[in-house]
Amino acid sequence: MSISSLGVGSGLALDDLVKQLLEAERKPKSDRLNTREEKIEAEISGLGAIKSKLSEFKDAIKALREDKDINGREPTIKHPNEETEVFSADASSSASRGSYKIAVSELASGSRIETADAAFASTSDSVLSAGSGSLTFKVGSTGDTFSVNVTAGMTLSELRTAINDNADNFGVSANIIDTGTAAGGAKLVFTSEVTGAGNDLQVVNDNNLAELDRVSTTDSSETATYLTPVKAATNAKATIDGIAVESETNKFDNTIANVSFTAKDVSPMAADGVTPVASTLEIGFDKEGLEEKIRSLVENYNGVISEIKKLTKYGASELEDDGVLAGDSLIRGMQGGLGSIMSSNVSASALGGLFTIGVELNKDGELEIGTTNYGLGTGEDRLEDALEDNFDEIAKLFTDENEGIAVRLYDYIEQYTSSSGLISTREKAAKQDQDRVYDDRERLEVRMISYEQMLRDRYLGLDQTIAKMNQTGSALFAMLG
């Protein structure tokens, strides 16, 4: 008799029995693996959360780590008319503090060339009746150039398009103005974006074709003179504290040492219609920017400490779970190191430490800009005074290469967060443990398959024996009956 499923022959629930025995064998081992896996996943998650907070903290530290990031100079501009921005300005960290009166009298411009009156009657007139040649557009002897081929029958309109669409065009616009009169005709107008005195546009008649003299400024030897600019290229002109200055472009670089300003409009005129009204440019320390960086340092440090506390805490009672990194010595040690740097003295700075700029460690190990007056003013008062009177000393407090708080913090955190750092090493070890759990789970399943087969083989024999006994009993009862 063939038995396809345990218990069919004997009538016993042997299949259920095998399942129960398998579950009894698997469950304690599977539970242990699940517990290990959950703990490892929690550790990886916790380490990732710490690294994320440390990364945010590093960004805040980076903004205070170098002198140039702190000692930036902030240009403040006051224009006569708030609706008109006469110029904008930038200053490097080495610019001197100062105040300047600046007036812009002229913006830089490029040159403009027009063809002569009645040189062309309409836009459909041919530029060249026969043969072929080229026009080369250039500014000065060393500037960019581009050339346009002119073929027989090319119209004025087609020449305009060829100029404007040339891939090497460095900033020449060609347009046609139809005067509507026979005396004026259609005029081809070239406008150059290249500014500065002496930077007039040249259009060279490369092949010295007489008809192309009408749209050229000179011949191939650049000795002849045909068209001349109706408007020459000019410099931007301004005065700084009454001193006249000029620039080929609208940007005045280092006209004031380590300061640049870009002219955007002409200054308004005084009531006499002659005297321009100057704008005021003040170069000072970027106090608002530095204050924002200090407050960001406080906020992000507290974010790290808060995350550490959450992950390393012990539950206050049996009803409260421990943190996933409860009591972890690595993370606790890191917290202690951060606090030590924050409370350290910096002899390179006259300020000495963070307390002098209002930043204090409170009883919870977090930073705050304190509200208590210790006879030196509140934290807010001390911060304001330091920004106003000790800007350079604040820079030393954070950036000194040996003692600077930001320098030391950055290097300290790097020991933990770099690819070979302490936290990264822990993460790698945890992921290796996670892989081992996966391997153990696979081995468990292989053993369970073997164990199930052994149980089924064992109970299949019992099932078959009982089935035969049942058949024999049934036959005996039939004979006796």
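For clarity, every value in this text was computed on a predicted model and none was experimentally measured.

Reading the values: rules and limits
Think of each chain on its own: its residues are numbered from 1, step by step along the sequence as written. A pLDDT threshold of at least 70 governs which residues receive local features in this predicted model, and a stricter bar of 80 or more applies before side-chain atom pairs are shown or counted, although totals over entire chains, interfaces and linings include all residues. The side-chain quantities take in all heavy atoms of the structure and omit both hydrogens and water. Only strands joined by at least two bridges in the DSSP assignment are considered to pair. A run of DSSP states H or I qualifies as a helix once it reaches four residues; a run of E qualifies as a strand once it reaches two. Both are numbered from the N-terminal end. Two residues form a contact once any of their heavy atoms are found within 4.5 Å. A fitted line through C-alpha atoms serves as each axis, taken over the contacting stretch for helices, and the angle formed by two N-to-C directions is quoted from 0 to 180°. For this document, the term salt bridge refers to a Lys or Arg side-chain nitrogen within 4 Å of an Asp or Glu carboxyl oxygen. Only protein chains enter the calculation, and the probe is 1.4 Å; a residue is then buried if its accessible area is under 20% of its type maximum, exposed if over 50%, and partly exposed in between. Each patch is built from residues that are more than 30% exposed by relative accessible area and take part in no salt bridge. Like charges join if they lie within 9 Å; nonpolar side chains (Val, Leu, Ile, Met, Phe, Trp, Tyr) join within 5 Å. Surface accessibility in these figures is a Shrake-Rupley result with a 1.4 Å probe; residues are shielded only by whichever protein chains are displayed. For classification purposes, an angle smaller than 35 degrees is called roughly parallel, one larger than 145 roughly antiparallel, one from 65 to 115 roughly perpendicular, and anything else oblique. Each crossing gets its hand from how the near helix is turned against the far one by less than a right angle, where anticlockwise is left-handed and clockwise is right-handed. Working convention for charge: Lys and Arg count positive, Asp and Glu count negative, and His plus the chain ends are omitted. Charge positions come from single atoms, namely NZ of Lys, CZ of Arg, CG of Asp or CD of Glu. Aromatic contacts are taken between Phe, Tyr and Trp rings whose centres are within 6.5 Å, Trp giving its six-membered ring; a plane angle under 30 degrees counts as stacked, one over 60 as edge-to-face, and the others as tilted. Working rule: Lys NZ or Arg CZ, within 6 Å of ring centre, within 35 degrees of ring normal, means a charge sits over the ring. Nonpolar cores are built from buried Ala, Val, Leu, Ile, Met, Phe, Trp, Tyr and Cys residues. Side-chain atoms within 4.5 Å join them into one set.

**A look at the sheet that holds strand β9 (residues 201–205)**
Across the sheet, 4 strands lie side by side as β6-β5-β9-β10; this open sheet has mixed pairing. Looking at strand neighbours, the two that pair on one side only are β6 (145–151) and β10 (218–219), the edges of this open sheet. In the sheet, β9 pairs with β10 via 2 bridges, with the strands oriented parallel. Following the sheet pairing, Asn205 is matched in β10 by Asp219. Helix α3 (residues 156–164) rests against β5 (132–139) and β6 of the sheet, and its axis sits at about 150° to β6.

**With respect to the pattern of salt bridges**
Between side chains of opposite charge, pairing is possible as soon as their charged atoms come close. In the structure shown here, the tally under the stated rule is 24 salt bridges. Here Glu25 and Lys29 are joined by a salt bridge, their closest N and O atoms 3.0 Å apart. Taken together, the positions of Glu25 and Lys29, both in helix α1 (residues 14–62) and 4 residues apart, correspond to about one turn of that helix. Residue Glu25 is classed as partly exposed on the basis of its relative accessible area of 29%. A salt bridge links Lys396 to Glu393; the nearest nitrogen and oxygen atoms lie 3.1 Å apart. On the criterion of helical spacing, the pair formed by Lys396 and Glu393 is a turn pair, its members being 3 residues apart in helix α7 (residues 391–399).

**As for α7**
Counting along an α-helix, one turn takes 3.6 residues, and residues three or four places apart therefore face a common direction. For α7, the buried fraction is high: 7 of the 9 residues fall into the buried class. Within α7, burial applies to Phe391, Glu393, Ile394, Ala395, Leu397, Phe398 and Thr399. In this structure, the buried residues of α7 make contact with α2 (67–70), β15 (279–285), α4 (287–312), α6 (379–389) and α8 (405–417).

**Section: a nonpolar patch on the surface**
Together, Phe355, Tyr374 and Leu376 make up a nonpolar patch on the protein surface, roughly 320 Å² of accessible area in all. Inspection of the secondary structure assignment puts Phe355 in the loop between α5 (329–342) and β16 (359–361). Looking at Phe355, the relative accessible area reads 35%, which means it is partly exposed.

**So, the packing of α1 against α8**
Where α1 meets α8, the closest approach of the two axes is 10 Å, and the angle between their N-to-C directions is 155°. In terms of orientation, α1 and α8 fall into the roughly antiparallel class. Crossing hand, α1 versus α8: left-handed. For the pair α1 and α8, contact is made by Lys51, Leu54, Phe57, Lys58, Ile61 and Lys62 and by Ala406, Leu409, Tyr410, Ile413, Glu414 and Thr417, respectively.

**Remarks on a negative patch on the surface**
On the surface, Asp381, Glu384, Asp385 and Asp389 cluster together to form a negatively charged patch. Position of Asp389 relative to the elements: it lies in helix α6.

**A short note on the environment of Leu354**
Secondary-structure assignment places Leu354 in the loop between α5 and β16. Taking the C-alpha atoms as reference, Leu354 lies 7.2 Å from Ser343; in sequence the two are 11 residues apart. Here Leu354 is in contact with Met342, Val359, Leu397, Phe398 and Ile405, once residues within four sequence places are set aside.

**Regarding the packing of aromatic side chains**
Under the definition given, this model contains 8 aromatic pairs. Pairing Phe146 with Phe170 gives two aromatic rings, centres 5.6 Å apart and planes at 70°, and the pair type is edge-to-face. Placement of the pair is Phe146 in strand β6 and Phe170 in the loop between α3 and β7 (172–178), with a sequence separation of 24 residues. On the accessibility criterion, Phe146 (2% relative accessible area) is buried. Pairwise contacts between aromatic rings join Phe137, Phe146, Phe170 and Phe190 into one cluster. Note that Lys58 overlies the ring of Tyr410, its terminal NZ or CZ placed 5.0 Å from the centroid. Of note, Arg382 hangs over the ring of Phe355, and the distance from its end group to the ring centre comes to 4.1 Å.

**Concerning the nonpolar core**
Counting 47 residues, the largest nonpolar core has Phe57, Met334, Ile357 and Phe398 as its most contacted members. For this core, the secondary structure elements donating two or more residues are α1, α4, α5, β17 (367–369), α6, α7 and α8. Here this core gets 9 residues from one element, more than from any other, and that element is α4. Here Phe57 is in contact with Leu297, Asn300, Tyr301, Val304, Leu338, Met342, Leu409 and Ile413, once residues within four sequence places are set aside. Judged by nonpolar contacts, the second largest core, of 27 residues, contains Phe120, Val127, Phe146 and Leu159.

**With respect to unusual backbone geometry**
Both trends apply: most residues other than glycine have a negative phi, and most peptide bonds are in trans. For Asn208, which is not a glycine, the phi torsion comes out positive at approximately 55°. By the element assignment, Asn208 lies in the loop between β9 and β10. On the basis of relative accessibility, which here comes to 43%, the residue Asn208 falls in the partly exposed class. At Glu222, a residue that is not glycine, the phi angle is positive and equals roughly 60°.

**Some remarks on the sheet that holds β7**
Strands sit in the order β4-β8-β7 across an open sheet of 3 strands; the sheet is antiparallel. Sheet topology places β4 (110–114) and β7 at the edges, where each strand pairs with a single neighbour. Looking at each pair of strands side by side, their axes are set apart by 20° on average, direction ignored. Pairing analysis gives 7 bridges linking β7 to strand β8 (residues 186–195), with the strands arranged antiparallel. Pairing of Ile177 across the sheet is with Lys187, part of β8. Across the face of the sheet, α3 comes into contact with β7 and β8 while running at roughly 160° to β7.

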